[in-house]
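Listed here are the chains, written in short residue letters.
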Amino acid sequence: MSERKIKIALVQLACSKDQGQNLKKGLTRLEEAAAKGARVVVFPELSFLPFLPQHPAESGFENWAEPVPGPTTEILARKAADLGVVVIFNLLEIQAGKTYDSSPVIDCKGRLLGINRMVHVLEAPGFHEKGYYTPGDLGAGVFETPVGKIGIAICYDRHFPEYLRALALKGAELVVIPQAGARGEWPPGLFEAELQVASFQNGYFCALANRVGKEDCLEFEGGSFITDPSGIILAQASKEKEDLLIAEIDFSLLEKCPARKYFLKDRRPEIYLSL
């Protein structure tokens, strides 16, 4: 059973090419979030790295990758245990010679609950991801944590309604989205509206943690935000600078939301598959 009300923190970071400095900055924000009562802390896509796919992949990019568990996971796990918080971050994972866009999930005792790997891989200007990432092979990840059932949708995965519905069918109460969203990618308001609709249709909270700041080819927009299961934006971070967004979410709202009262119960998948 989820705790009924918890605070969640989204760490909106600008990252340089200095991985150690990025991690140090992130750990400081993690401590700040815990001091303000956060029980769950979420970091953006490639949390402590430059956004590698803004350039086409070249030989040696694997030097940025690490296994899970590995050095960064172990550092975050120790800190999660010290602070008593659930931590979800993102890194370039390497496993059996393949690289993935992956989010480890660490509980408040520092235990690695599992990994979610990005399922859908984009190739577009400034997002040359197919040269970096193997498509995820672990399914739509939903993890039982001390604060509730948390689903993961990494960046591009958020654009696939089938994936977001799969998280609902697996029992997600909160879906977190480690994101690298650039300025000018979408018409104004669509960035938020997409997850407002997903929350409304699927009956869960969404929490998107975005990068911010100008890098070599892209300027990331920030604007990290949280939606509730009625589709309302509960809180949103700055679109101009690094930020720490903390908001309270009330899981008791799930019981009354339209998706759980009506939509999910009235699904007819045998019809959809026959169309």
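The structure reproduced in this document is the subject of the present report. (Residues numbered from 1 in each chain as written. Predicted model: local features only at pLDDT ≥ 70, side-chain atom pairs only at ≥ 80, totals over all residues. Heavy atoms only, no water.)

**Structural notes on the overall build of the protein**
Link 1 in the chain: Tallying secondary structure elements over the protein gives six helices and 17 strands in all.
Link 2 in the chain: Taking 19 Å as the expected radius of gyration for a compact globule of 275 residues, we find that the protein reaches 18 Å, a close match to that expectation.
Link 3 in the chain: Along the longest, intermediate and shortest principal axes, the C-alpha atoms of the protein span 50 × 45 × 40 Å.
Link 4 in the chain: When each of the 275 residues of the protein is scored for burial, the buried share is 54%. (Helix = DSSP H or I, 4+ residues; strand = E, 2+ residues; numbered from the N terminus. Rg over C-alpha atoms; globule rule 2.2 N^0.38 Å. Buried < 20%, exposed > 50% of the residue type's maximum accessible area, 1.4 Å probe, protein only.)

**Some details on the pattern of salt bridges**
Link 1 in the chain: A full pass over the atoms with the stated rule returns 14 salt bridges.
Link 2 in the chain: Across the pair K25 and E242 runs a salt bridge, and its minimum N-O distance is 2.8 Å. Of this pair, K25 sits in helix α1 (residues 19-35) while E242 is found in the loop between β16 (233-236) and β17 (243-250), placing the two residues 217 residues apart along the sequence.
Link 3 in the chain: Look at K25 and you get partly exposed, because its relative accessible area is 26%.
Link 4 in the chain: Across the pair R29 and E32 runs a salt bridge, and its minimum N-O distance is 3.2 Å. Here R29 pairs with E32, and both are found in helix α1, just three residues apart, close to one helical turn. (Salt bridge = Lys/Arg side-chain N within 4 Å of Asp/Glu carboxyl O.)

**Details of unusual backbone geometry**
Outside of glycine, negative phi angles account for most residues, and trans bonds account for most peptide bonds.
Link 1 in the chain: Looking along the chain, the bond that leaves V68 and enters P69 is cis, with omega of 0°.
Link 2 in the chain: In this structure, L46 is a non-glycine residue whose phi angle is positive, near 45°.
Link 3 in the chain: Along the chain, the position of L46 falls in the loop between β2 (38-42) and α2 (71-83).

**What about the environment of F251?**
Link 1 in the chain: With respect to the helices, strands and loops of the structure, F251 is situated in the loop between β17 and α5 (258-263).
Link 2 in the chain: Between the C-alpha atoms of F251 and G148, which are 103 residues apart in sequence, the distance is 8.7 Å.

**Topic: helix α3 (residues 161-169)**
Link 1 in the chain: Burial in α3 covers these residues: Y163, L164, L167 and A168. Along the axis of α3, the buried residues cluster in a sector spanning 150°; they form a single face. Along α3, exposed side chains directed more than 90 degrees from the buried face belong to P161 and E162.
Link 2 in the chain: On its buried face, α3 is in contact with β6 (112-117), β9 (142-145), β10 (148-152), β11 (174-179) and α4 (190-202). (Arc of directions from axis to C-beta. Contact = heavy atoms within 4.5 Å.)

**Quick word on the packing of aromatic side chains**
Link 1 in the chain: Counted under the stated rule, the structure contains ten aromatic pairs.
Link 2 in the chain: Relative to F89, the ring of F48 lies with its centre 6.1 Å away and its plane at 35°, an arrangement referred to as tilted. Within this pair, whereas F48 is found in the loop between β2 and α2, its partner F89 is found in the loop between β3 (86-88) and β4 (91-95), the two being separated by 41 residues in sequence.
Link 3 in the chain: When its relative accessible area of 0% is taken as the criterion, F89 is described as buried.
Link 4 in the chain: With 5.6 Å between their ring centres and 65° between their planes, F51 and F127 make a pair best called edge-to-face. Placement of F51 in the loop between β2 and α2 and of F127 in strand β8 (residues 127-128) is noted, with a sequence separation of 76 residues between them. (Phe/Tyr/Trp six-rings, centres within 6.5 Å; stacked < 30°, edge-to-face > 60°.)

**A few points about α4**
Link 1 in the chain: The end-to-end C-alpha distance of α4, which contains 13 residues, comes to 18 Å, matching closely the 18 Å that a straight helix rising 1.5 Å per residue would cover.
Link 2 in the chain: Burial in α4 covers these residues: F191, E192, L195, A198, S199 and N202. Take α4 and look down its axis: the buried residues cluster within an arc of 125°, on one side only. (Expected span 1.5 Å × (residues − 1).)

**Considerations on a nonpolar patch on the surface**
Link 1 in the chain: Where nonpolar side chains cluster on the molecular surface, the patch consists of F200, Y262 and F263 and spans about 270 Å² of accessible area.
Link 2 in the chain: Inspection of the secondary structure assignment puts Y262 in helix α5. (Patch = residues over 30% accessible without salt bridge, like charges linked within 9 Å, V, L, I, M, F, W, Y side chains within 5 Å. Areas by Shrake-Rupley, 256 points an atom, 1.4 Å probe, with all protein chains shown as cover.)

**Considering the nonpolar core**
Link 1 in the chain: Judged by nonpolar contacts, the single largest core of 44 residues is most densely connected at I8, I150 and L174.
Link 2 in the chain: At the level of secondary structure, the elements contributing two or more residues to this core comprise β1 (5-12), β2, β3, β10, β11, β12 (205-210) and β17.
Link 3 in the chain: Setting aside chain neighbours within four positions, we find L174 in contact with I8, K149, I150, G151, Y204, F205, A207, I249 and F251.
Link 4 in the chain: Counting residues in each nonpolar core, the second largest holds 24 residues, with V41, V68, I106 and L244 among its members. (Core = buried A, V, L, I, M, F, W, Y, C linked by side-chain atoms within 4.5 Å.)

**Describing the sheet that holds β11**
Sheets are built from strands paired through backbone hydrogen bonds, the pairs being either parallel or antiparallel.
Link 1 in the chain: Pairing within the open sheet is mixed, and its six strands lie in the order β9-β10-β11-β12-β15-β16. With one partner strand each, in any of the chains shown, β9 and β16 form the two edges of the open sheet. The mean angle between the axes of side-by-side strands here comes to 20°, regardless of whether they run parallel or antiparallel.
Link 2 in the chain: In this structure, β10 lies alongside β11, joined through three bridges in parallel fashion. The residue of β11 that forms the bridge with I152 is V176. (Pairing = 2+ DSSP bridges. Axes fitted to C-alpha atoms, helices over the stretch in contact; angles between N-to-C directions.)

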